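# Observations on chain architecture
Okay, here's what each chain looks like letter by letter:
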Amino acid sequence: MSATPESFEPRTDPLTGLSDRRTFLTILRRDAIRTMTSGGLLAVLVVNVDQFRRINSVFGFNVGDKTLIRVGRMLKELARRNDLVARIGSDEFALLLPGVMNEGHAVLAASKIERQLQAPLEIEGERVPVSVTIGIALCPTHSSHAESLLKHAELALLKARRAGLGYVVAEPVKTFEIADTWDLEIELESAVENEELELYYQPQISVSDGRITGAEALMRWNSPSRGLLRPGVFIPVAERTGRIQGLTQWALNTALRQARECRERTGHDFHVAVNMPANAFQNPQLIELVKGAMKLWDAPGGQLVLEVTESLAMADPESVFGIMKRLREAGALISIDDFGTGYSSLSYFRDIPADELKIDKIFVKRMTESEADASLISVMVELAHRFDITVVAEGVETEEALTRLAEMDCDRAQGRLMARPMPFDTFCEWVGAGAADWRAAAKVPIPPEPGRDDEP
Ligand code: C2E
Ligand code: CA
Ligand code: CA
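Keep in mind the model is a prediction, meaning the values are calculated, not measured. (Residues numbered from 1 in each chain as written. Chains lettered and ligands numbered in written order. Predicted model: local features only at pLDDT ≥ 70, side-chain atom pairs only at ≥ 80, totals over all residues. Heavy atoms only, no water.)

## Things to note about the domain arrangement of the protein
- Segmentation of the protein into domains returns domain 1 (21–172) and domain 2 (181–443).
- Using C-alpha coordinates to define each centre, domain 1 is positioned 38 Å away from domain 2.
- Listed per partner, the contact involves 9 residues of domain 1 and 10 residues of domain 2.
- Between domain 1 and domain 2 the total buried area reaches about 940 Å² when both faces are included, carbon and sulfur atoms providing 60% of it.
- Its largest share of buried area at the contact with domain 2, domain 1 owes to Ile33, Met36 and Thr37, together 46% of the area lost on that side.
- Run the count over domain 1 and domain 2 and you get 0 salt bridges.
- Joining domain 1 to domain 2, the criterion identifies 0 residue pairs in polar contact (both at pLDDT 80 or more).
- Of the residues contributing to the side of domain 1 that touches domain 2, the split by class is 3 nonpolar, 2 polar and 4 charged. (Domains from an automatic or database assignment. Contact = heavy atoms within 4.5 Å. Buried area = accessible area lost by both parts, 1.4 Å probe. Salt bridge = Lys/Arg side-chain N within 4 Å of Asp/Glu carboxyl O. Polar contact = N/O pair within 3.5 Å; in protein donor to acceptor, adjacent residues only side chain to side chain. Nonpolar A, V, L, I, M, F, W, Y, C, P; charged D, E, K, R; others polar.)

In structure tokens:
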């Protein structure tokens, strides 16, 4: 099913020979991105063996183990060729069904499994009563993120078990997801036109000398009915409805226009990084769009950085690498965002047409607590440098982390230690005050962002 990058080593559960939880999540992550970019529906079924502990205590562990093997085998037989069957917990299995037509299709699969597993199994001369309970979740209906999809399916399973039902489909998602999404979709339609979108900027500094080298542009939506919204709320909706292309075009143009304005105001030049959405590379006009924006705002070559997540790059390296090359030829720089979370292989370093690598904040956060994570960062830096790739650490929150990064020869840093994301005018003041040394800009007050200060 999933053309997985060469580095990805599927791991199996030794008892059943099925994929394990981690492998399941890796493949689900990739297939969810594919579903989001190419449309369609994907189903996740979590299948729990009822009262498995009781089977173990009544019939013994040997029969217990054989029961799991048999259930795994039956699931595999029921699955279509392209479905993935995994064992994700001691008595829990999961199925990934790509390309389902609708919710009914997933329900049909669940009821088939439930029926097949109703009769007692003959194991070692014993009649073992086996039954299962199933939770179902769909991408993108319930979520487009692997972990959250699995969680939705697991919650549905819990609900089914409490209600004594064989299977249950996850609840329509509350608040900002489904119930509310419809209004959100409609409001989002006119957000660009009504000038409700805004770019916040978070500075990036040079670790060795403290200069401000650039900024990442992070989108905010001043929704008239809901206040200032974070991208996590509306970007997934925009991706699903196709609005994202308009938003990306707006972000590219706004970032370059404001970079020029800031340069004129302060006399300082810097990179501006714009995030690419999961389906950016499906847009045949992307290259023209980038070229057009750079020309319109007279952007010097190398000023615009396009941030592409590692998982997007690795979902389809062949075609994505080709587009990246063309974007670089057009004068943009390519940065691999959230690096370290997408399981790419070392051999990609040789081929990846990137200028910059952004180490995911998870590693940076753990760096000062765990030597293993610190070594990991150190290796990433060394490797990137061998291929002439600049390294940015994101999510830098402490002086200690910044010092360690300097020791590791990491090129740049971004994070709350230096500054939270801020509105454009504040950012210009920041650059004015601290272009040569960010610490001099620390006196510029950054307005608090509603609802964000308590964030982890
Ligand atoms: P990202 O690209 O990983 O962006 C970094 C996120 O980390 C930002 O969240 C930023 O506010 C947050 N952050 C900054 N400093 C720290 C820190 O010291 N510690 C921690 N833990 N976090 C920090 P934000 O602004 O909510 O953006 C979330 C995500 O939304 C971004 O993640 C990016 O994937 C997406 N996004 C933002 N702007 C755009 C956009 O214009 N277009 C698209 N397609 N996606 C965007
Ligand atoms: Ca980013
Ligand atoms: Ca990131």
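Continuing now.
## Topic: the site of ligand 1
- For ligand 1, the set of nearby residues contains 22 residues, the closest of which are Gln202, Arg220, Asp337, Glu397 and Arg416.
- Between a nitrogen atom of ligand 1 and a main-chain N or O atom of Met219, the distance comes to 3.0 Å.
- Between ligand 1 and Asp337 there is a distance of 3.0 Å, counted from an oxygen atom to a side-chain nitrogen or oxygen.
- Protein coverage of the free-state accessible area of ligand 1, which is 800 Å², stands at 87%.
- The leading source of residues in the shell around ligand 1 is strand 9 (residues 212–223), at 4 residues.
- Split by residue class, the shell around ligand 1 holds 9 nonpolar, 4 polar and 9 charged. (Near = heavy atom within 4 Å. Areas by Shrake-Rupley, 256 points an atom, 1.4 Å probe, with all protein chains shown as cover. Helix = DSSP H or I, 4+ residues; strand = E, 2+ residues; numbered from the N terminus.)

## Focus on the coordination of the calcium ion (ligand 3)
- Here the calcium ion (ligand 3) is held by Asp337 (OD), Asp338 (OD), Glu394 (OE) and Glu394 (OE), and the distances to it run 2.2 to 2.5 Å.
- If you look at the calcium ion (ligand 3) and the calcium ion (ligand 2), they sit 3.9 Å from each other and are both ligated by Asp337. Of this pair, Asp337 sits in strand 13 (residues 333–339) while Glu394 is found in the loop between strand 15 (390–393) and helix 15 (399–407), placing the two residues 57 residues apart along the sequence.
- Asp337 sits in the buried class, given a relative accessible area of 5%. (Donors = N, O, S within 2.8 Å, 3.2 Å for Na, K, Ca; no water. Buried < 20%, exposed > 50% of the residue type's maximum accessible area, 1.4 Å probe, protein only.)

## Side note on the coordination of the calcium ion (ligand 2)
- Around the calcium ion (ligand 2), the protein supplies Glu216 (OE), Asn275 (OD1), Glu307 (OE) and Asp337 (OD) as donor atoms, at distances of 2.1 to 2.3 Å.
- Counting residues between consecutive donors of the calcium ion (ligand 2) along the chain gives the motif E-x58-N-x31-E-x29-D.
- Asn275 gets classed as partly exposed once you look at its relative accessible area, which sits at 28%.
- A residue is classified by how much of its surface remains accessible, and Glu307, at 1% relative accessible area, is buried.

## What about the nonpolar core?
- Among the nonpolar cores identified, the biggest contains 95 residues, and Leu304 and Val396 are the most heavily contacted of them.
- The residues contacting Val396, other than those within four sequence positions of it, are Val364, Ala401, Leu402, Leu405, Ala413, Gln414, Gly415, Arg416, Leu417 and Met418.
- Residues Leu68, Val85, Leu95 and Leu117 belong to the second largest nonpolar core, which totals 32 residues. (Core = buried A, V, L, I, M, F, W, Y, C linked by side-chain atoms within 4.5 Å.)

## Regarding the sheet that holds strand 1 (residues 41–49)
- Sheet architecture is open: 5 strands sit in the order 2-3-1-6-7, paired in mixed fashion. In this open sheet, the two strands that pair with only one neighbour each are strand 2 (84–89) and strand 7 (167–169). Neighbouring strand axes in the sheet, compared pairwise and without regard to direction, differ in orientation by 20° on average.
- Alignment of strand 1 against strand 6 (residues 132–139), held across 8 bridges, turns out to be antiparallel. Across the sheet, the residue bridging to Leu42 is Cys139, located in strand 6.
- Along the sheet face, helix 3 (residues 61–78) touches strand 1, strand 2 and strand 3 (92–100) and points at about 5° away from the line of strand 3.
- Where helix 4 (residues 103–116) meets the sheet, it contacts strand 1, strand 3, strand 6 and strand 7, and its direction lies at approximately 165° from that of strand 6. (Pairing = 2+ DSSP bridges. Axes fitted to C-alpha atoms, helices over the stretch in contact; angles between N-to-C directions.)

## Remarks on the pairing of strand 11 (residues 271–275)
- Most of strand 11 is tucked away: 4 of the 5 residues are buried.
- As defined by bridge partners, strand 9 adjoins strand 11 across 4 bridges and the pair is classed as parallel. Paired with Ala215 across the two strands is Val272, which belongs to strand 11.
- Summarising the sheet, strand 11 and strand 12 (residues 304–309) pair through 4 bridges and their orientation is parallel. Looking at the pairing, Ala273 lines up with Val305 of strand 12.

## Details of the pattern of salt bridges
- Within this structure, the stated rule accounts for 31 salt bridges.
- When the shortest N-O distance is used, the salt bridge between Arg328 and Asp355 registers 2.9 Å. In this pair, Arg328 sits in helix 11 (residues 317–329) while Asp355 sits in the loop between helix 12 (348–351) and strand 14 (356–359), placing the two residues 27 residues apart along the sequence.
- The exposure class of Arg328 is partly exposed, given its relative accessible area of 33%.

## Description of unusual backbone geometry
- Omega for the bond connecting Cys139 with Pro140 falls within 30 degrees of zero, at 5°, which places this linkage in the cis form.
- Checked against the element boundaries, Pro140 lands in the loop between strand 6 and helix 5 (146–163).
- Within the chain, Gln51 stands out as a residue other than glycine whose phi angle is a positive 45°.
- Relative to the assigned elements, Gln51 resides in the loop between strand 1 and helix 2 (52–59).
- Since its relative accessible area comes to 54%, Gln51 is described here as exposed.
- Even without being a glycine, Asp409 presents a positive backbone phi close to 75°.
- Mapped onto the secondary structure, Asp409 falls in the loop between helix 15 and strand 16 (412–413).

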